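Structure assessment
Each chain, written out:
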Amino acid sequence: MKNFLMGNELIALAAYNAGVRSAYAYPGTPSSEILEYFSKISDEVYAQWSINEKIALELAGAEAISGKYVLCSMKQVGLNVAADPFFSIAYTGVKGALVIASADDPGPYSSQTEQDSRMYAMSAKLPVFDPINPEDAYFLTKKAVDLSHKYEIPVMIRPVMRVCHSRQSIDVDIEKNNLIISNSFEKDTARWAATPKFRKQLHSILNQKLKDISNKYYKEFKINKKSDFAVVGSGYSFAMAMDIVAEDGLNIDLYKLDLPFPLSDELIKSLLEEYEKILVIEETQPVIEMQFARRDKVFGRLNDFITNMGELTYQYLQSKLYQFLGKQNEIEEFDVNVKSAKPRLCPGCGHRPAFYAIKKVAKNRGIFPGDIGCYTLGVNLEAVDTCICMGASVTFAEGLKRANNDKVVIATIGDSTFFHTGVPALINAVANDSKIVLAILDNETTAMTGFQPVPHKHKKISIERVVKGCGVDFCKTIDPYDFDGSIRLLNEAIEYSEKNSTPAVVIFKHPCITKIKYKGKKKVVITDKCKNCKICYEKFECPAIFEDKLANAAKIDELLCVNCGVCMSVCPFDAIAYVDEVDDEV
Amino acid sequence: MRFNCLICGKGGQGVITLNRTIGNILSLLGYKVISAETHGMAMRGGSVSTFLKCGEFKSAGFGYNQADYIISTDYEEYLNNKHYLKNDGYNIVNTDKNNKNNNGVFFDATKLSLKIFKSPKYANYFLLFIFFSLLGKIDLIDVKNILINQKLLDENKYTLILKELKDVI
Ligand code: SF4
Ligand code: SF4
């Protein structure tokens, strides 16, 4: 075995090997490594981190209708953002090939929902592949590209997080191929700029494509009956079911359905005829199950046999498979007592003092709409009250202020998220005289998802100019390490916004600590003035500070501390100091 | 060779890299491995656990009481996951406390790394070499050569690590 590659890497590699040379994406866990890996495969590829998923998909679509082979990747909630072009491009179809990789997050581990992208595919009438593991993702992505080209239809590949972020030994390599890809746009108004009349025609063509695909794809599918019980399904949960059946020697016939939509009617009919009972295992919604019209033999989510939320674990599937067979469940019960550590902002992260200042100026009359990124962790500092979706901090601020006029509303948004969907929301707030303060946390990267570049990186765009262009007159920038200055500036912004009935913007600018490898030279220590008030480790919650119970004082973990010195400003007893200052005093 | 292994710790302690390094070594030596990681929020100091299976498997998942090995970069996270360990399984845990039990190695790898390399960043290599020596079947020299090839380690560091470990393994 040559390689030990991640599902996301294999999706990128397979797309390349099938002829894809352009890719567009907006970062989002668990999908981000797809574009990252694709961009490094060879010099001939074009890879773009777009401003948001809608833009990524439209760009990908435009290349694909010009005959190019294109990949577009995003996470499931990103697909919500791209839904508009997604539905429309299903009708127009493509010329080259367009594969949309939408990564789902059953659990959820780092998302706001557990939605199932396959539902979108079904709704838009697009075929969708659902790989069971990284190796499968490689082969199915190749099939997706071929299918897309052959039927001139966008095709989705939907890996769940466990496929994206699993690694597997596999013997694959970068392949040179001699595909001659035509590369020019041919005008055809009835197709590419269809008016409603032609749209209906396009819809009927799409229906025909789906029929052909389902018949063709499952034509060779063999039913090989050995048991009265069948388990059908797709995705990672099905891979676990396969392992359990093999490991425990269960008498079950397994049918892996690569393409959950569209399924072939013939196949469903024969499965229903042959088997006494059929269990459907898939995540997270009953896409395959719904296509089984007869319900009396079918077990799954629709008859509450399988839970309708959360990730399906090995432990859970094992007990369900036994139950399905009517076997005594011999699996021991465990008393599991897990105290998971919660994620926190890094030591020295610029977001921490910004949140602390926001909380301080608002006192008890603050409402804090937050957004999506590392800085959602502002909840730990009680400076994030809502988190809905990308860009919603700004719109929620406007709405919350209207409904709670006596409160101070301070919204936080990251730089990348601001460009993603924050800008239209800010324009709306200006147009509607909203008295809000927007804090843009600018750390010059998309940190949460693995440090993808941001639009203002090369200074072609500046946040200040965009903010001003949206009609905001009060826009000032400060380094959040300057804690007292931050407090003053926030107070100024609140006052300005109330007085002028308009949004005020404060840009907290400090590069992500993991990016600059910041190490202050002067060591920060806690002196014996410490009264163990808990503020620095509980309220300010720097992970580098902990309680030394024996000494009844706070203590700094030297290995974690980056010596940023910000905790000095938050200690009410002046008990934190640079080590040489301590020496001076002695 | 078939075994189940759980590697856990807190975000930032190199759990994912350790998982990938072990999988890589085994793959290069011709074994079939599949593993599952968690990314994202978990990387900001939260709990991280990764599953790794060696053998002909379709998934990296396994249930409670089914791990042959648990490798943990953190004592608390070992406690959070120990229900996965088989009764006769082994655990390898980095801890600064004086913990002991019958089927495992508990030791302060961070301290050792600081002592020899003036940096905590080699701590997980101690865990890695203990794991491979417990596993048997694989020559530590092969492991070393792969690590040197991938520029993760050099001959000198390897010798120093093994010297420190000779009492443990
Ligand atoms: S990765 Fe960067 S932005 Fe995220 S918490 Fe750490 S320092 Fe802050
Ligand atoms: S100086 Fe203070 S705030 Fe900064 S990392 Fe160290 S303990 Fe945390």
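Scroll up to find the structure.
What you see as residue numbers is a count from 1 along each chain, following the sequence as written. The naming scheme follows written order: chains are lettered A onward, ligands numbered 1 onward. Owing to the predicted nature of the model, reporting of local features is limited to residues with pLDDT of at least 70; listing and counting of side-chain atom pairs is limited to 80 or more, with chain, interface and lining totals taken over all residues. As a rule here, side-chain values cover all heavy atoms of the structure and leave hydrogens and water aside.

Right, let's get into the pattern of salt bridges. All names here are of chain A. The working definition used for a salt bridge is a side-chain nitrogen of Lys or Arg within 4 Å of a carboxyl oxygen of Asp or Glu. The tally for this structure, following the rule as stated, stands at 40 salt bridges over all chains. As a salt-bridge pair, Glu 444 and Lys 509 come within 3.2 Å of each other at their nearest N and O atoms. Taken together, the residues Glu 444 in the loop between strand E15 (437-442) and helix H18 (463-469) and Lys 509 in strand E17 (residues 504-509) connect sequence positions 65 residues apart. Buried, partly exposed and exposed residues are distinguished by accessible area as a fraction of the type maximum, computed with a 1.4 Å probe on protein chains only: under 20%, between the cut-offs, and over 50%, respectively. The class of Glu 444 is partly exposed, set by a relative accessible area of 25%. Look at the salt bridges and you will find they share partners, linking Asp 104, Asp 116, Arg 118, Asp 130, Arg 158 and Glu 282 into a network. Where helices and strands are cited, they refer to DSSP runs of H or I of at least four residues and of E of at least two residues respectively, numbered from the N terminus.

Here the focus is the sheet that holds strand E12 (residues 298-299) of chain A. Residue and element names in this part refer to chain A. Spatially, the four strands line up as an open sheet ordered E10-E9-E11-E12, and their pairing is parallel. Since the sheet does not close on itself, it has two edges, and those belong to strand E10 (253-256) and E12, each with one partner. Inspection of the sheet shows strand E11 (residues 277-281) paired to E12 by two bridges, in the parallel sense. Residue Leu 279 lies in a different strand from E12, and its bridge partner there is Phe 299. Strand pairing follows a simple DSSP-based rule, namely that at least 2 bridges must link the two strands.

What follows deals with the interface of chain B and chain A. Taken together, the contact between chain B and chain A spans 41 residues of the former and 49 residues of the latter. By definition, the buried area sums, over both parts, the 1.4 Å-probe accessible area that each loses when the two are put together. Each partner contributes to the roughly 3600 Å² buried at the junction of chain B and chain A, and carbon and sulfur atoms together form 57% of this total. Across the pair Arg167(A) and Glu37(B) runs a salt bridge whose closest N-O atoms are separated by 2.9 Å. For the purposes of these results, a polar contact is taken to be a pair of N or O atoms within 3.5 Å, where, inside protein, one atom must be able to donate a hydrogen and its partner to accept one; residues adjacent in sequence count only when each atom of the pair is a side-chain atom. Inspection of the region where chain B meets chain A yields 17 residue pairs in polar contact (both at pLDDT 80 or more). If you list the elements that add at least two residues to the side of chain B that touches chain A, you get helix H1 (15-28), strand E2 (33-36), strand E3 (47-54), helix H2 (75-81) and helix H3 (109-117) of chain B. Looking at the side of chain B that touches chain A element by element, the count peaks at six residues for H1(B). Here three bridges tie strand E8 (residues 166-170) of chain A to E2(B), and the two strands are oriented antiparallel to one another. Counterpart to Ser166(A) in the pairing with E2(B) is Ala36(B). Contacts: residue pairs with any heavy atoms within 4.5 Å of one another.

Turning to a negative patch on the surface, a few remarks are in order. Residue and element names in this part refer to chain A. A surface patch of like charges, here negative, comprises Asp 265, Glu 266, Glu 273 and Glu 274. Mapping Asp 265 onto the fold places it in helix H12 (residues 265-274). A relative accessible area of 62% places Asp 265 in the exposed class. Here a patch means residues that are over 30% exposed by relative accessible area and free of salt bridges, tied together within 9 Å if like-charged and within 5 Å if nonpolar (Val, Leu, Ile, Met, Phe, Trp, Tyr). Values of accessible area rely on a 1.4 Å probe in the Shrake-Rupley scheme; residue burial ignores everything except the protein chains shown. Charged residues are defined narrowly, with Lys and Arg counted positive, Asp and Glu counted negative, and His plus the chain ends left uncounted. A charged residue contributes its charge at one atom only: NZ of Lys, CZ of Arg, CG of Asp or CD of Glu.

All names here are of chain A. When the terminal C-alpha atoms of helix H15 (residues 351-362) are compared, their 17 Å separation across 12 residues agrees well with the 16 Å that a helix rising 1.5 Å per residue should span. H15 sits mainly inside the fold: 10 of its 12 residues count as buried. Buried residues of H15: His 351, Arg 352, Pro 353, Ala 354, Phe 355, Tyr 356, Ala 357, Ile 358, Val 361 and Ala 362, and no others. Positive phi appears at Lys 363, one or two residues downstream of H15, with a value of about 50 degrees. Working rule for helices: expected span equals 1.5 Å times residues minus one.

Let us now look at the sheet that holds strand E4 (residues 67-72) of chain B. Strand order in the open sheet made by the eight strands is E1(A)-E8(A)-E2(B)-E3(B)-E1(B)-E4(B)-E5(B)-E6(B), with mixed pairing throughout. Strand pairing shows two members of the sheet lacking a second neighbour, strand E1 (3-6) of chain A together with strand E6 (104-107) of chain B, which therefore form its edges. Along the sheet, successive strands turn relative to each other by an average axial angle of 20 degrees, direction set aside. Bridge count for strand E5 (residues 85-94) of chain B against E6(B) is four bridges, and the pairing is parallel. Bridged to Asn94(B) within E6(B) is Phe107(B). A fitted line through C-alpha atoms represents every axis, and for helices the fit uses only the stretch in contact; the resulting angles, taken between N-to-C directions, go from 0 to 180 degrees. Set on the sheet, H1(B) makes contact with E1 and E8 of chain A together with strand E1 (3-10), E2, E3 and E4 of chain B; between it and E3(B) the angle comes to about 10 degrees.

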